[in-house]
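# Structural overview for review
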Amino acid sequence: MALTVREAVPAVLAAATACYIGYDLADHGVATPVIVSVVLALLSTGVSLGIRVQQAANNVQLFTCPEQCGVEIRATNQPDERIARLRELAADHSQHPAARS
Ligand SMILES: [Zn+2]
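Source: prediction; values computed, not measured. (Residues numbered from 1 in each chain as written. Predicted model: local features only at pLDDT ≥ 70, side-chain atom pairs only at ≥ 80, totals over all residues.)

### What to know about the overall build of the protein chain
Per the secondary structure count, the protein chain includes 4 helices and 2 strands. Each helix and strand of the protein chain, ordered N terminal to C terminal, gives the series α-α-β-β-α-α. In terms of overall size, the protein chain is more extended than a compact globule, its C-alpha atoms giving a radius of gyration of 19 Å where 101 residues would be expected to give roughly 13 Å. Projected onto its principal axes, the C-alpha positions of the protein chain cover 55 × 30 × 20 Å. Across the 101 residues in the protein chain, those meeting the buried criterion constitute 4%. Put simply, 54% of the contacts in the protein chain that link residues at least 6 apart link residues at least 24 apart. (Helix = DSSP H or I, 4+ residues; strand = E, 2+ residues; numbered from the N terminus. Rg over C-alpha atoms; globule rule 2.2 N^0.38 Å. Buried ≥ 20, exposed ≤ 12 C-beta atoms within 10 Å, placed from the backbone. Contact = placed C-beta atoms within 7 Å.)

Structure below.
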């Protein structure tokens, strides 16, 4: 999966913010494990929020299996007929690999 510039921007912003705060904490004598924890938490939160904003901006719809077998279908800017078909596919657990094994 290729990463586009629009998809990379939230991750880069999160990384820049995390680096700045990590550097600032180190400047104030905060212990290294605490800095690492804070930076990782900031990165995780920033990337998660970025993905959500990106999905909302791209009109991404996510359909998951009601049996929670791990099947997820993401649809971006699809016509209504295709959206309905993808929703059916995600909801029909008997068609998923986990149900066949
Ligand atoms: Zn399933």
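### Describing helix α2 (residues 32-57)
End to end, α2 covers 37 Å across 26 residues, agreeing with the expected 38 Å (1.5 Å per residue, within 8%). Among the 26 residues that make up α2, 0 are buried, leaving the element largely open to the surroundings. Taken from the residues just after α2, N59 is the one with a positive phi, measuring 55 degrees. (Expected span 1.5 Å × (residues − 1).)

### Focus on the domain arrangement of the protein chain
Structurally, the protein chain comprises domain 1 (5-57) and domain 2 (60-100). Its C-alpha centre places domain 1 at a distance of 32 Å from the equivalent point of domain 2. (Domains from an automatic or database assignment.)

### Notes on unusual backbone geometry
The backbone phi angle of Q68 is positive, close to 55 degrees, even though this residue is not glycine. Along the chain, Q68 falls in the loop between β1 (60-64) and β2 (72-76). Backbone geometry at N77 places phi at a positive 50 degrees, although glycine is not the residue there. Position of N77 among the secondary structure elements: in the loop between β2 and α3 (80-91). C-beta crowding within 10 Å serves as the criterion here: with 9 such atoms nearby, N77 is assigned to the exposed category.

### Things to note about the environment of Q61
Tracing the backbone shows Q61 in strand β1. With 35 residues separating them along the chain, Q61 and H96 place their C-alpha atoms 19 Å apart. When residues no more than four places from it in sequence are discounted, the contact partners of Q61 are A75 and I83.

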